[in-house]
Amino acid sequence: MQNLILFTSKNRDTLLKVRKGESKFGEHIQLIPKLTNIYDDIVNLDVDYVIFGIKEDIGVYANYGNTGTYKAWDAVIKVLLNIQNNSYSKAKRVLILGHLDYSKERELVTLKPSKKNITKARTFVASIDNDVTHVVSSIVNAGKIPIIIGGGHNNAYGNIKGTALAKNNKINVINFDAHTDFRPEEGRHSGNGFSYAFVEGFLKNYFVFGLHENYTSEVLFKTLNKLKEVKYNTYEAIEVRNELDFNSELETALTYISNKDFGIEIDCDAIENIPSSAMTPSGFRVKHARQLVHYFGKHKNASYLHICEAVPTKKTETKVGKLITYLITDFIRAHGN
Ligand SMILES: N=CN[C@@H](CCC(=O)O)C(=O)O
């Protein structure tokens, strides 16, 4: 697994800000000292959650989007390690695995998105898919729950495939997102992770929560309406026209996906004013995202959490790191109880 960089005790100690009389999350997490193969390294560890990052934005570039999603992991890990460890946190149940690294390959995203470069990027996304599938399936096979941070939403494909392979069954997904990411299979990118997972038979029931009506084409709406496995609601129906109630929609979506193992996908572009690849001035509040993660996370069939598409800058990295950390800890608290 050449792209997997382990998170070491040295990394932790560099980021940890210890305070006398306090106990920080990072002081209690578990780490793997040496990588042999992920499954063997973690199967006997007494942890429930395995957190890893994906430092890539090649999938976003391959979808002609705004790059920078590779920066989310670094923003999150510095915040996560330094939250308080108390009776609400479960740091001992958490293994920080490390991150998938594509620093060399992502030189491509600095180039003009010519047809040739886009084709190259789409081909490379398929190899990122293989890495993500391998890491996720190893974690799920070992009986743990992956929490995947970052990268573009292309990584939903590897999360779904990896979980489905480990469970030996198709899985369902709830996607909190302004977009369906159900674009045509034209080569892999951040806009078609779910359509590829669906046509390849890894995804069964798919619920998109809070789609933006301005960013979904008529052709795509027609495709979605024809598929009995796909259901959605729109942000406008819930928050603008008040035709649907947020809490009732949570219930509708859970009923639709919870009959088998399911993944929770959170695209930060669904949340208002959060720096992301498709940042929006109009979207759900952070509170809504946290409530949704709590609501789905507490179900026994919740099999993974993926938070993606955030694009932190130097100025916004603490805000993004804190947001994603809140979502991670909401999930862990909900699922553990
Ligand atoms: N993962 C994001 N997918 C969106 C991107 C939209 C955008 O970049 O503006 C999509 O393909 O529609």
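Quick notes on the rules
- Residues numbered from 1 in each chain as written.
- Predicted model: local features only at pLDDT ≥ 70, side-chain atom pairs only at ≥ 80, totals over all residues.
- Heavy atoms only, no water.
- Core = buried A, V, L, I, M, F, W, Y, C linked by side-chain atoms within 4.5 Å.
- Buried < 20%, exposed > 50% of the residue type's maximum accessible area, 1.4 Å probe, protein only.
- Helix = DSSP H or I, 4+ residues; strand = E, 2+ residues; numbered from the N terminus.
- Phe/Tyr/Trp six-rings, centres within 6.5 Å; stacked < 30°, edge-to-face > 60°.
- Lys NZ or Arg CZ within 6 Å of the ring centre and 35° of its normal.
- 1 Å grid on protein atoms, 1.4 Å probe; cavity = no way out; pocket = protein on both sides within 12 Å on 5 of 7 lines; lining within 4 Å.
- Points joined across faces, edges and corners; volume = space filled by probe spheres on them.
- Nonpolar A, V, L, I, M, F, W, Y, C, P; charged D, E, K, R; others polar.
- Axes fitted to C-alpha atoms, helices over the stretch in contact; angles between N-to-C directions.
- Parallel < 35°, antiparallel > 145°, perpendicular 65-115°, else oblique.
- Left-handed = near helix turned anticlockwise from the far one by under 90°.
- Contact = heavy atoms within 4.5 Å.
- Right-handed = clockwise from strand over helix to strand, strands pointing away.
- Pairing = 2+ DSSP bridges.
- Near = heavy atom within 4 Å.
- Polar contact = N/O pair within 3.5 Å; in protein donor to acceptor, adjacent residues only side chain to side chain.
- Sits in = over half its atoms within 2 Å of the grid points.

### Quick word on the nonpolar core
Reasoning step 1: Residues Ile96, Phe209, Phe296, Ile328 and Phe331 are the most contacted members of the largest nonpolar core, which totals 54 residues.
Reasoning step 2: Top contributing element to this core by residue count: helix H12 (residues 317–336), with seven residues.
Reasoning step 3: Counting residues in hydrophobic clusters, the runner-up holds 51 residues, among them Val47, Ala62, Val109 and Phe182.

### Section: the packing of aromatic side chains
Reasoning step 1: Scanning the model with the defined rule gives 18 aromatic pairs in all.
Reasoning step 2: With a centroid separation of 6.2 Å and an interplanar angle of 75 degrees, the aromatic rings of tyrosine 49 and phenylalanine 331 are classed as edge-to-face. One end of the pair, tyrosine 49, is in strand E2 (residues 49–55); the other, phenylalanine 331, is in helix H12, and 282 residues separate them in sequence. We note that tyrosine 49, like phenylalanine 331, is buried.
Reasoning step 3: The positively charged end of arginine 106 is found above the aromatic ring belonging to tyrosine 70, 3.6 Å away from the centroid.
Reasoning step 4: Between the NZ or CZ atom of arginine 188 and the centre of the ring of tyrosine 196, over which it lies, the distance is 5.4 Å.

### Focus: empty space enclosed by the protein
Reasoning step 1: Under the counting rule described, the total for this entry stands at one cavity of 30 Å³ or more.
Reasoning step 2: Quantified by volume, the largest cavity comes out at close to 40 Å³.
Reasoning step 3: Along the walls of the largest cavity sit Phe25, Tyr88, Ser89, Lys90, Thr329, Ile332 and Arg333, which together make up its complete lining.
Reasoning step 4: For the lining of the largest cavity, the per-class residue count stands at three nonpolar, two polar and two charged.

### Here's the deal with the packing of helix H4 (residues 72–80) against H12
Reasoning step 1: Put simply, H4 and H12 touch, their axes get as near as 8 Å, and they point 65 degrees apart. The orientation of H4 relative to H12 falls into the category roughly perpendicular. With respect to the hand of their crossing, H4 and H12 are arranged in right-handed fashion. In this structure, H4 uses Ala75, Val76, Lys78, Val79 and Leu80 to contact H12, whose residues at the interface are Glu317, Thr318, Gly321, Lys322, Ile324, Thr325, Ile328 and Thr329.
Reasoning step 2: In the contact of H4 with H12, the residues fall into six nonpolar, four polar and three charged.

### Points about the environment of leucine 100
Reasoning step 1: Residue position: leucine 100 is located in strand E3 (residues 94–101).
Reasoning step 2: Linking leucine 100 and leucine 4, residues 96 residues apart in sequence, is a C-alpha distance of 4.5 Å.
Reasoning step 3: The contact partners of leucine 100, leaving out residues within four places of it in the chain, are Met1, Asn3, Leu4, Phe52, Gly53, Ile54, Lys55, Asp131, Val132 and Val135.

### Here we look at the pairing of strand E5 (residues 171–176)
Reasoning step 1: Most of E5 is tucked away: six of the six residues are buried.
Reasoning step 2: The alternating pattern of E5 places Ile171, Val173 and Asn175 on one face and Asn172, Ile174 and Phe176 on the opposite face, and all of these are buried.
Reasoning step 3: Taken together, E5, helix H7 (residues 193–199) and strand E6 (residues 203–211) constitute a β-α-β crossover, and its handedness is right-handed.
Reasoning step 4: Pairing of E5 with strand E8 (residues 262–267), which is carried by five bridges, proceeds in the parallel orientation. From the neighbouring strand, valine 173 faces E8, where its bridge partner is glycine 263.

### Description of the side chain of asparagine 205
Reasoning step 1: Relative to the elements of secondary structure, asparagine 205 occurs in strand E6.
Reasoning step 2: For asparagine 205, the contacting residues outside a window of four places in its chain are Ile171, Asn172, Val173, Glu229, Tyr256, Ile257 and Asn259.

### Topic: the site of the ligand
Reasoning step 1: Close contacts around the ligand come from Asn63, His153, His179, Asp181, Arg183, Ser190, Gly191, Asp267, Ala278 and Glu309, and that covers them all.
Reasoning step 2: A distance of 2.8 Å separates a nitrogen atom of the ligand from a polar atom in the side chain of aspartate 181.
Reasoning step 3: Side-chain polar atom of arginine 183 to an oxygen atom of the ligand: 2.6 Å apart, as the coordinates give it.
Reasoning step 4: According to the grid-proximity analysis, the pocket containing the ligand is the largest pocket.
Reasoning step 5: Tallied by class, residues from the shell around the ligand come to one nonpolar, five polar and four charged.

### Focus: unusual backbone geometry
With the exception of glycine, the majority of residues adopt a negative phi angle, and the majority of peptide bonds are in the trans configuration.
Reasoning step 1: Non-glycine residue tyrosine 64 carries a positive phi angle of around 60 degrees.
Reasoning step 2: Note on placement: tyrosine 64 falls in the loop between helix H3 (58–61) and H4.
Reasoning step 3: Relative accessible area serves as the criterion here: at 55%, tyrosine 64 is assigned to the exposed category.
Reasoning step 4: We note that asparagine 242 has phi near 50 degrees; this positive angle belongs to a residue other than glycine.
Reasoning step 5: Of note, asparagine 242 is situated in the loop between helix H9 (235–240) and helix H10 (246–257).

### Topic: the sheet that holds E3
Reasoning step 1: In space, the nine strands of this open sheet follow the order E1-E3-E2-E4-E9-E8-E5-E6-E7, with mixed pairing throughout. Each having just a single partner strand, strand E1 (4–6) and strand E7 (230–234) make up the two edges of the open sheet. With direction set aside, neighbouring strand axes in the sheet form an average angle of 20 degrees.
Reasoning step 2: Here strand E4 (residues 145–149) pairs with strand E9 (residues 302–308) via three bridges, running parallel. The residue bridging isoleucine 147 from the neighbouring strand is leucine 305, located in E9.

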